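Architecture and fold: a report
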Amino acid sequence: VSFFQVFMLQGLLMWIIALSLMAAQSNRTPDQFAVLDILGAAVWCVGFFFEAVGDWQLARFKGDPANKGKAMRSGLWAYTRHPNYFGEATMWWGLYLIAAGTRWGFWTIFSPILLTFMLLRVSGVALLENSAWKGIPCLGHGPGPRHIPHQADEYVEVGQLLEAARVYALAG
């Protein structure tokens, strides 16, 4: 029973979500870079930045015993309550843009839509905010969008973000 309910469902969802990637890789046209390829790569890079830097910032924050039970509200976390999930979804939207430049790739739009829905409503954000953080003051219960970056009350200088990216790159 669990084989079909858990593993087969996960495999099916993984296959559906990856259809944009498969469409981009399997088509021979266009045979050179197009505008959607460049735009998709740029969107993917933004997503990678948010996911990698957001995860790195959270690991450093959680590694400090003085922060136990506190909410992280600095770095990328000052702009979105879940920069890592925003980054993950943004990366898949970037892959979709690359796929959309192929012959039938635009039909795979349901792939990033499904992934974004799963992150926001089923697994990522919803699971974190509804169970793991109950009773703990966290970003999940603060003002502002859960997923989309926005200007928060607390400002983070661009220099701080660039320094975080530099430190992450050197540590990796």
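Above this text sits the structure in question.
Residues numbered from 1 in each chain as written. Predicted model: local features only at pLDDT ≥ 70, side-chain atom pairs only at ≥ 80, totals over all residues. Heavy atoms only, no water.

**Some thoughts on the overall build of the chain**
A count of helical and extended segments in the chain gives seven helices and zero strands. Helices (α) and strands (β) of the chain occur, in sequence order from the N terminus, as α-α-α-α-α-α-α. Across the 172 residues that make up the chain, the buried fraction comes to 37%. Partitioning the contacts of the chain with sequence separation of at least 6, the portion at a separation of at least 24 is 76%. Element-wise, carbon and sulfur atoms account for 68% of the exposed surface of the chain, whose accessible area totals about 10,700 Å². (Helix = DSSP H or I, 4+ residues; strand = E, 2+ residues; numbered from the N terminus. Buried < 20%, exposed > 50% of the residue type's maximum accessible area, 1.4 Å probe, protein only. Contact = heavy atoms within 4.5 Å. Areas by Shrake-Rupley, 256 points an atom, 1.4 Å probe, with all protein chains shown as cover.)

**Some words on the environment of G47**
Within the secondary structure, G47 is located in helix α3 (residues 35-63). The exposure class assigned to G47 is buried, which follows from its relative accessible area of 0%. Considered as a pair, G47 and G94 are 47 residues apart in the sequence and their alpha carbons are 8.1 Å apart. If sequence neighbours within four positions are ignored, G47 has contacts with G87, T90 and M91.

**Some points on the side chain of T116**
Position of T116 among the secondary structure elements: in helix α5 (residues 110-122). Look at T116 and you get buried, because its relative accessible area is 16%. Beyond its immediate stretch of four places on either side in the chain, T116 contacts A89 and W93.

**Considerations on helix α1 (residues 2-17)**
Between its first and last C-alpha, α1 extends 21 Å over 16 residues, near the 22 Å set by a 1.5 Å rise per residue. At M8, α1 is deflected by roughly 30 degrees, the largest bend along its length. (Expected span 1.5 Å × (residues − 1). Bend = angle between axes of the 7 residues up to and from the residue.)

**Remarks on the nonpolar core**
The nonpolar side chains of a soluble globular protein tend to be buried, and buried together. Residues I17, A89, W92, L95, L114, L115, M118 and L119 constitute the largest nonpolar core, which totals eight residues. Counting residues per element, the ones that place at least two in this core are α4 (83-100) and α5. Top element by residues in this core is α5. It accounts for four residues. In this structure W92 touches I17, A18, L21, P112 and L115, once residues within four positions along its chain are discounted. (Core = buried A, V, L, I, M, F, W, Y, C linked by side-chain atoms within 4.5 Å.)

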